[in-house]
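Chains, contacts and geometry: an overview
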Amino acid sequence: MRMTTRDIRAKKNSGEKLVMVTAYDASTARIVDQAGVDMILVGDSVGTNVLGLDSETRVTLDDVIHHARAVARSTANPLLVGDLPFMTFRVSTEQALAASARMIQEGRVQAVKLEGGVEVTPQVEAITTAGIPVMGHVGLTPQSVNELGGYRAQGRDSEGAKAVVDGALALESAGAFAIVLESIPHRLAGWITERTSVPTIGIGAGPHCDGQVQVIHDIAGWNPDFLPRHAKRFGNVAEEFRRAVAGYADEVRGGSFPTERHSFRISNSVMEDLQD
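Reading the values: the criteria
Residues numbered from 1 in each chain as written. Predicted model: local features only at pLDDT ≥ 70, side-chain atom pairs only at ≥ 80, totals over all residues. Heavy atoms only, no water. Helix = DSSP H or I, 4+ residues; strand = E, 2+ residues; numbered from the N terminus. Contact = heavy atoms within 4.5 Å. Buried < 20%, exposed > 50% of the residue type's maximum accessible area, 1.4 Å probe, protein only. Patch = residues over 30% accessible without salt bridge, like charges linked within 9 Å, V, L, I, M, F, W, Y side chains within 5 Å. Areas by Shrake-Rupley, 256 points an atom, 1.4 Å probe, with all protein chains shown as cover. Salt bridge = Lys/Arg side-chain N within 4 Å of Asp/Glu carboxyl O. Pairing = 2+ DSSP bridges. Axes fitted to C-alpha atoms, helices over the stretch in contact; angles between N-to-C directions. Phe/Tyr/Trp six-rings, centres within 6.5 Å; stacked < 30°, edge-to-face > 60°.

Among the structural elements, Thr121 can be located in helix H6 (residues 121-129). Those residues within four positions of Thr121 in sequence are excluded, and the remaining contacts are Ala170, Leu171 and Ala174.

Here it is in structure tokens:
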């Protein structure tokens, strides 16, 4: 049975850590589901990890919906959360509602995630009032990377820390069922976690959050030449994949694959008929 937002909030109360990862396609999502995670995020990180884009700001709503449908078709247990991409919710509450409705109806997710703090609380209130669960996101917000001056940790001075705290508390008051804390000091993340009734999901925010989210490409080793400071590589998928393709190529070129065992049979009588 698929996880619900009620289940997610209950895990904070019980002290059980929440596990969330990204997934963007059916094959990966199926494996992630089998691994027993609580939530899957179909993030705008699909742009840089799958679509070959140079920034999350290039990702469209149609992009995320397309990949979310694939994830939804192949999973049965995790709560599915779809990212609202850059400038699909900032213009107005009406725009935010329309984008969220499409994500639920067409993307088949159970919740949406949007970036921002105090400034997006009207959108969060409108979306949750419409019956759509919202996951908030404060700290480093990749959609604002140009304003922030790069992918830099946030909340390290008094002004920045207060902005992160105010944003998290505002999102909670606006109705968010959980809040992502990205790239902020671990003590600050712990302080927020203790003072909010909704789960905090950390990425680069230390061990004191109620759960963690990571990009599947980072933890599985899909990007062998790059690993963010906040991530740990738990496998080497890229090397295994390269070895499999190289082995296939070697056998094709050497004539050892395919063999008759990998082929279909035809009766002698049919072959004889071809000679007539």
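A few words on H6. The complete set of buried residues in H6 reads Thr121, Gln123, Val124, Ala126 and Ile127. Tucked into the core, H6 has its buried residues touching helix H5 (93-105), strand E4 (111-113), strand E5 (134-139) and helix H8 (158-174). A positive phi of about 95° marks Gly131, the residue just after H6.

Time to look at a nonpolar patch on the surface. Residues Trp222, Val237, Phe241 and Val245 make up a contiguous nonpolar surface patch of about 340 Å² in total accessible area. Structurally, the position occupied by Phe241 is in helix H11 (residues 237-254). The exposure class of Phe241 is partly exposed, given its relative accessible area of 49%.

The subject of this paragraph is the sheet that holds E5. Around the barrel, eight strands lie side by side as E1-E2-E3-E4-E5-E6-E7-E8; this closed barrel has parallel pairing. In this sheet, adjacent strand axes meet at a mean angle of 25° when their direction is disregarded. Bridge count for strand E6 (residues 178-182) against strand E7 (residues 200-203) is four bridges, and the pairing is parallel. Across the sheet, Leu181 pairs through a bridge with Gly202, a residue of E7. Docked against the sheet, H8 engages E5 and E6, running at close to 175° with respect to E5.

What follows concerns the packing of aromatic side chains. Within the structure shown, the criterion is met by two aromatic pairs. With a centroid separation of 6.1 Å and an interplanar angle of 70°, the aromatic rings of Tyr248 and Phe257 are classed as edge-to-face. A relative accessible area of 52% means that Tyr248 is categorised as exposed.

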